[in-house]
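Notes for the structure review
Spelled out, the chains give:
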Amino acid sequence: MIQFRQVSKRYPGGYQALEYVNFTLAKGEMAFLTGCSGAGKSTLLKLIALLERPSGGDILINGASLSKFKKNDVAAHRSRIGVTFQSPHLLQNRTVFENVALPLHIQGIAGAQLAKRVHAALDRVGLLAKEGMIPLHLSGGEQQRVGIARAIVHKPDWLLADEPTGNLDPGLSGDIIELFEQFNQAGVGVLIATHELSLIAGMQHRVLWLKGGRLC
Amino acid sequence: MRGRQCVKRHLQAMKHSAKTLRSTPWATAITVIVLAVTLILPVLFWLLMGHLKPLTNEWREGNEIALYLDSPLSSANETALLVRVRETEGVGHATFVSAEASLKELEQQEGMQDIRRYLPNNPLPSVINVMPASTLDTPEKLEHLFEKLKHYPHVEQAKLNRDWSTRLYALLELMTYLTWILGGLFGLMVVFIIRNLLRLAAQEHHEEIEVLKLIGATDGFIIRPFLYTGMCLGAAGALLAFLGVHAVLYGLSYALHGLISAGFGVPLEVKLSLLDALRFIGFGLILGWLGAYLPLKRQLARIEPCH
């Protein structure tokens with residue numbers, strides 16, 4: 001469960017990205033976070049991933065306050081969530097397989113078990129045949145899917161996606177959202193930040209609207 | 001289970017480090033050679049110092065203390081004094097030479113055969129020759145023993161030839177000090193070489209480190225391959241230095257052979273054992289670890305994932 005309690009975020013320089021945000025996401029829930037550019041969507045995801053710290057309020061994950069997390073707790077917290085961005089941040093000097101295997105390496109998983117799980121993740125995103133390629137030789141949509149495979153390979157509790165379809169054409173965007181729904185059906189909580197309202201239209205999931213750093 | 005996981009992680013890091021080193025064989029080889037060259041000089045000094053150490057035993061033998069006794073002295077007093085000297089702390093062994101024996105020894109020298117004819121009585125005193133114990137390994141300790149024995153009853157005069165031994169000891173002390181300084185400086189140099197190399201490597205992998213942190217890697221996980229790389233380079237450099245020292249010593253003993261057979265110099269008998277090789281490698285490992293850990297720990301703390 002993710003709980004935001006009166007969370008505010010002011011960046012150095014005075015920019016107020018979030019103001020008194022309150023919401024709760026139940027375990028295994030899928031939700032969209034939307035709003036126009038600068039509304040605070042990315043900041044909110046960064047706060048959950050502990051890439052930023054709130055200026056006020058508190059964030060609780062399964063009842064534990066993120067503000068009390070020490071350095072090693074941060075690493076452990078990040079290894080329990082999967083994060084994917086508009087730019088998938090893949091390592092260009094490693095193959096698709098090696099990129100996806102990274103979270104498992106961190107958990108100390110190796111050998112046959114690692115290969116099995118990486119193959120399963122790549123199969124889910126339809127890239128099993130391209131495991132030996134380097135990301136540079138893949139299309140934007142394929143790179144995005146490699147990023148998603150890396151985000152889910154270690155079976156995280158939550159999957160956070162920041163504009164995951166920002167660089168993709170509408171057809172591919174639909175495929176990616178469908179992938180997220182499949183993960184959600186498998187029990188992974190999903191929070192997708194997007195400004196594309198067309199993606200949300202027709203979806204049965206909860207939508208969190210942000211405007212000027214406040215939830216509407 | 002936790003232990004096995006830990007071993008697995010270390011094996012993973014070792015593999016990663018080996019892969020990195022293999023991917024740049026020339027750069028790795030050049031680094032190892034530079035490290036070896038840096039280590040050879042202090043190691044040579046250290047070994048030669050070890051070779052010179054036995055000289056300090058020789059100077060101890062040259063530091064015999066002669067105690068000239070009152071004349072005349074009763075046989076009972078002579079014996080009592082000899083026992084007391086022998087029981088004194090710091091005395092290795094002591095021998096008594098009577099006045100008569102000294103005169104006989106003098107007579108055996110050329111031109112002295114009929115010396116008794118010119119002397120109304122034996123002017124030579126009885127002597128106790130004292131060889132200091134091996135524990136007296138500094139001129140100060142020797143001086144202390146000398147002062148003590150000098151003031152024993154019935155000792156008329158005492159003599160210690162200390163000049164050359166003091167100079168030799170001071171020279172050896174200076175060389176030992178220089179060896180440590182050189183060792184320290186060159187060791188520091190090795191640490192700095194590895195430090196700069198790995199700092200650059202970490203800068204090159206900046207993006208990778210950001211991604212790793214983003215997906216939950218701890219600093220320990222990220223730093224481990226760098227540590228193994230540093231340790232590998234340090235150990236390989238030390239091993240090469242060990243072989244280099246072997247080659248230098250072999251060349252030196254060959255070059256000295258001619259001089260020794262002509263009656264100059266002392267034979268160079270510095271032998272390096274397997275234990276020495278292990279010590280070298282251990283030293284290299286420590287330097288490599290220091291070179292990697294100290295700068296990277298701080299550098300990693302400064303890198304935070306952003307997007």
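So, how was this worked out
Residues numbered from 1 in each chain as written. Chains lettered and ligands numbered in written order. Predicted model: local features only at pLDDT ≥ 70, side-chain atom pairs only at ≥ 80, totals over all residues. Buried ≥ 20, exposed ≤ 12 C-beta atoms within 10 Å, placed from the backbone. Helix = DSSP H or I, 4+ residues; strand = E, 2+ residues; numbered from the N terminus. Pairing = 2+ DSSP bridges. Contact = placed C-beta atoms within 7 Å. Nonpolar A, V, L, I, M, F, W, Y, C, P; charged D, E, K, R; others polar. Axes fitted to C-alpha atoms, helices over the stretch in contact; angles between N-to-C directions. Domains from an automatic or database assignment.

Some points on the pairing of strand β7 (residues 158–162) of chain A
Residue and element names in this part refer to chain A. Most of β7 is tucked away: five of the five residues are buried. The two faces of β7 match: Trp 158, Leu 160 and Asp 162 on one face and Leu 159 and Ala 161 on the other face are all buried. Both strand β6 (residues 81–84) and β7 contribute to a ladder of four bridges, which runs parallel. Counterpart to Thr 84 in the pairing with β7 is Ala 161.

Details of the interface of chain B and chain A
Of the residues lining the interface, 16 residues belong to chain B; the matching set on chain A comes to 16 residues. Elements supplying a minimum of two residues to the side of chain B that touches chain A: α1 (2–23) and α7 (206–214) of chain B. Looking at the side of chain B that touches chain A, its residues break down into eight nonpolar, five polar and three charged.

Some words on the sheet that holds strand β4 (residues 155–160) of chain B
All names here are of chain B. Strand order in the open sheet made by the four strands is β2-β3-β1-β4, with antiparallel pairing throughout. The sheet is open, and its two edges are formed by β2 (91–97) and β4, each paired on a single side. For this sheet the average axis-to-axis angle between neighbouring strands, irrespective of direction, equals 20 degrees. Alignment of β2 against strand β3 (residues 127–132), held across six bridges, turns out to be antiparallel. Note that in β3 the partner of Val 91 across the bridge is Pro 132.

With respect to the domain arrangement of chain B
Domain annotation for chain B reports domain 1 (2–58 + 167–302) and domain 2 (63–160). Between the C-alpha centres of domain 1 of chain B and domain 2 of chain B there is a distance of 53 Å.

Focus on the sheet that holds strand β9 (residues 206–211) of chain A
Residue and element names in this part refer to chain A. Spatial strand order, β6-β7-β8-β3-β9-β10: six strands in an open sheet with mixed pairing. Of all strands in the sheet, those bounded by a partner on one side alone are β6 and β10 (214–215). Direction of pairing for β7 relative to strand β8 (residues 189–193): parallel, over a ladder of five bridges. By the bridge assignment for β8, Ala 161 is matched with Ile 192. Running over the sheet, helix α6 (residues 170–185) touches β3 (30–34), β7 and β8 and is turned about 155 degrees from β8.

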